[in-house]
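For reference, the chains in residue letters:
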Amino acid sequence: MQCPRCLNTDEEYFYRGSRGWYCRRCIPFGRVMLEEDGEPAALSLPAEGSEEYTLSYPLTKQQKEISEQCAQLIETTDVLLHCVCGAGKTELVIASIAGMLEKGKKVCFAIPRRQVVLELRERLAGYFPNAKVVAVCGGHTEVTDGDLIVATTHQLYRYFGAFDLLILDEPDAFPFRGNPVLHGIAETCRRGHMIALSATPDQELLKRVRNGTMACLKLNQRPHGHPLPVPRIRIVPSVFMFIPLLLWLRSHSGRPCMVFVPSVAKAERLGILLGLLSDCAVCTGRSENRDELIAAFRQGKYNVLVCTTVMERGMTIPGVQVCVFEADSRIFDEASLVQMAGRAGRTLSHPDGDVLFLCRHRSGKAEQCAVSLQEANACAA
Ligand SMILES: [Zn+2]
């Protein structure tokens, strides 16, 4: 027996109700009967002309090549777009989306985190002015069909067998990462191929590339052509770590600085200390006013933003400098470190930036992060 929606085969999750067998592993998304042949979700066809697009900036030669290759490859296989942080990965799939819409095919752009959905909807609606681009996420579920659907991975359960192309942005991010139910649903919502977009693909994706069930296109350069900032690693005993942090902040006074810490408690403590010396905001998974904090930081109302890994992805602040406090903490893995370092030097106006990792001990993960960024730079050169 296999659940037609989440692909579960573990018998422990199968229960027999009055109407027959059903799966309890994906029960938060409603009951699905095992014997039923699921009907594909009924969606409208994309409107004629919805495929016309204009980008806000011209693609670089490299981006153009990858974008064209990707649009061809998805005809026959799944594709991993392995691009460094800030490489403009969304823009790389616009040609693929347009190609599918032109053929009257259904496309979905799926993202683990809700916050990014709304932002991306705006961006895609700007690129495709004739298309009805809908955002489907918690709080936005009245309209679930459009020419182009942007959804959280949690909402894909609505679209059984519906998509000819599924674009999965950052599948290595929480809460999609390591969640078998969401992975199963992402498989069963599509009848065509998928594109996975990531700067830090997990082992599962890399294994698919190795065994040939997925093609891989790599982009090691940001559009502005500058190398990625490589972190400097400093080893300092825990009790003294505040001192190099202060010196670092002073050396970047006048510039926006992000300080990543491993826990909410540490963020709050550090926020109080730094708040005595500068305009400092604390942003964690517990901050209810996260959007406002980010907006204020962006406008320069705060010099320092102390934050946890909730802020490791999706943020572009021109000119930001990055410090990771206790970068050797077990909370951070290499992907996290790459993403945090990837906040620096993203824009054409500020293509460089300083990244400092403060560690209590030598850390293989921190060193590996620096090596992989150096390697990406070497490949790009
Ligand atoms: Zn299930």
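Worth saying up front: this structure is predicted, and the values here are computed from it rather than measured. (Residues numbered from 1 in each chain as written. Predicted model: local features only at pLDDT ≥ 70, side-chain atom pairs only at ≥ 80, totals over all residues.)

1. A closer look at unusual backbone geometry
It is generally the case that most residues other than glycine have a negative phi and that most peptide bonds are trans. Using the following cut-off: Put simply, DSSP marks the helices as runs of H or I at least four residues long and the strands as runs of E at least two long, and each gets a number from the N terminus on.
Geometrically, the link from phenylalanine 174 to proline 175 is a cis peptide bond, its omega value of 0° lying close to zero. Tracing the backbone shows proline 175 in the loop between strand S7 (163–169) and helix H5 (180–188). One non-glycine residue, glutamate 170, lies in positive phi territory at about 50°. Considering the arrangement of structural elements, one finds glutamate 170 in the loop between S7 and H5. One non-glycine residue with positive phi stands out, namely glutamate 326, at about 55°. Examined against the element boundaries, glutamate 326 turns out to sit in the loop between strand S14 (321–325) and helix H10 (334–341).

2. Notes on the packing of helix H1 (residues 61–73) against helix H3 (residues 94–102)
Here is the rule we go by: In this analysis, axes come from line fits to C-alpha atoms, helices being fitted only over the stretch in contact, and the angle between any two N-to-C directions falls in the range 0 to 180 degrees. Less than a right angle of anticlockwise turn of the near helix away from the far helix marks a crossing as left-handed, whereas a clockwise turn marks it as right-handed. Any residue pair is listed as a contact if its two C-beta atoms, each placed from the backbone, are within 7 Å. Any residue that is not Ala, Val, Leu, Ile, Met, Phe, Trp, Tyr, Cys, Pro, Asp, Glu, Lys or Arg is counted as polar, Gly included; the first ten are nonpolar and the last four charged.
At a closest axis distance of 8 Å, the pairing of H1 and H3 adopts a crossing angle of 35°. Along this stretch, H1 crosses H3, giving a crossing that reads as right-handed. The residues of H3 that touch H1, namely those facing Ser67, Glu68, Cys70 and Ala71, are Ala95, Ser96 and Gly99. Classifying every residue of the contact of H1 with H3 gives 3 nonpolar, 3 polar and 1 charged.

3. A few points about the sheet that holds S7
Strand pairing in a sheet relies on backbone hydrogen bonds, with the paired strands running either antiparallel or parallel. Where we set the bar: Strand pairing follows a simple DSSP-based rule, namely that at least 2 bridges must link the two strands.
Strand order in the open sheet formed by 7 strands is S5-S6-S4-S7-S8-S3-S9, and the pairing between neighbours is parallel. Edge positions in the sheet fall to strand S5 (133–136) and strand S9 (214–219), since each of these pairs with one other strand and no more. Taken over all neighbouring pairs, the strand axes of this sheet differ in orientation by 20° on average, direction set aside. Lying on the sheet, H1 is in contact with strand S3 (78–83), strand S8 (190–198) and S9; it crosses S9 at an angle near 170°.

4. Quick notes on the domain arrangement of the protein chain
Where we set the bar: Domain delimitation in this document rests on an assignment produced automatically or drawn from a domain database.
What the domain assignment lists for the protein chain is domain 1 (1–38), domain 2 (61–219) and domain 3 (232–380). Here the C-alpha centroids of domain 1 and domain 2 sit 26 Å apart. The interface of domain 1 with domain 2 comprises 9 residues on the first partner and 8 residues on the second. Counted by class, the side of domain 1 that touches domain 2 contains 5 nonpolar, 2 polar and 2 charged residues.

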